[in-house]
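The lines below spell out each chain.
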Amino acid sequence: MSRVARIPVTVAKGVDVQVSGSHIMVKGPLGTLQQPLSRRVKVAVDGGQVSFAAVDESREANAMSGTMRALVAGMVQGVSKGFERKLSLVGVGYRAQAQGDKLNLSLGYSHPIVHQMPAGVKCETPSQTEIVIKGADKQKVGQVAAEVRGYKPPEPYKGKGVRYADEVVVIKETKKK
């Protein structure tokens, strides 16, 4: 059995976990998340804990039991505390502004970029060069942050562009004559 799957997921206070047929649903103060279940994994909800076990001794069942445990642990954390990714804009004239469910970016192009936020993901701009993307679904938050970064990834010579707040950009040295 997977060593990850041996540890049961502790359900936080105010979070409800339900297993129905081929889906597991986690409901909490920040929203509701659903995940399809694998046929190779047996899920048991007892009290404040969710435990996972492989149905058979196959390698795939062992791997999926650990994967399902990690996914459900992320869902429980998402609906109770939430996830956030911070981005920073580096460059002269680079600005960001959140307007409702849209993010307006000025990244040195001839046109402004408007990024539509998907359902369940919110965006804040504490300053013109900082973006905070928040949501309950870890995968959606990470995907939106990657899409916003993809508009202008940091370039290696001056470091200009959109980068994660904890990202370190190694600056290359210019050519010498």
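Here, the structure is the one placed above.
Structure report, in brief. (Residues numbered from 1 in each chain as written. Predicted model: local features only at pLDDT ≥ 70, side-chain atom pairs only at ≥ 80, totals over all residues. Heavy atoms only, no water.)

## Things to note about the sheet that holds strand β5 (residues 41–46)
And step 1. Spatial ordering of the open sheet is given by β1-β6-β5, a layout of three strands whose pairing is antiparallel. Because the sheet does not close on itself, it has two edges, and the strands there are β1 (9–10) and β5.
And step 2. Across two bridges, the pairing between β1 and strand β6 (residues 49–54) is antiparallel. Bridge pairing in β6 places T10 opposite Q49. (Pairing = 2+ DSSP bridges. Helix = DSSP H or I, 4+ residues; strand = E, 2+ residues; numbered from the N terminus.)

## Let's talk about the nonpolar core
And step 1. If you look at the biggest cluster of nonpolar residues, it comprises 19 residues, and the most contacted ones within it are L87, L103, L105, I131, I133 and V148.
And step 2. Residue assignment for this core shows that the elements contributing at least two residues are β7 (83–90), β9 (102–106), β11 (121–124), β12 (130–135), α2 (138–150) and β13 (161–164).
And step 3. Of all the elements, α2 adds the most residues to this core, at four residues.
And step 4. Setting aside residues no more than four positions away along its own chain, L87 makes contact with T129, E130, I131, I133, A145, V148, V162, R163, Y164 and A165.
And step 5. Grouped together as the second largest cluster of nonpolar side chains are 18 residues, A5, V9, V17 and V72 included. (Core = buried A, V, L, I, M, F, W, Y, C linked by side-chain atoms within 4.5 Å. Buried < 20%, exposed > 50% of the residue type's maximum accessible area, 1.4 Å probe, protein only. Contact = heavy atoms within 4.5 Å.)

## A word on the pairing of β6
And step 1. Pairing analysis gives six bridges linking β5 to β6, with the strands arranged antiparallel. Within β6, the position partnered with K42 by the bridge is A53.
And step 2. From the end of β5 to the start of β6, which pair antiparallel, there are two residues, and G47 there has a positive phi angle of about 65 degrees.

## A look at the sheet that holds β12
And step 1. One open sheet holds the four strands; their spatial order is β11-β12-β7-β13, and the pairing between them is antiparallel. Among the strands making up the open sheet, the edge pair consists of β11 and β13. When strand polarity is set aside, the average angle formed by the axes of neighbouring strands in this sheet is 25 degrees. (Axes fitted to C-alpha atoms, helices over the stretch in contact; angles between N-to-C directions.)

## Focus on helix α1 (residues 59–80)
And step 1. With 22 residues, α1 ought to run about 32 Å at 1.5 Å a step, and its terminal C-alpha atoms sit 32 Å apart, in line with that.
And step 2. When α1 is considered as a whole, its buried residues turn out to be A61, S65, G66, M68, R69, V72, G74, M75, V76, G78 and V79.
And step 3. Just downstream of α1 lies G82, where phi reads positive at about 90 degrees. (Expected span 1.5 Å × (residues − 1).)

So yeah, pure geometry; function would need other evidence.
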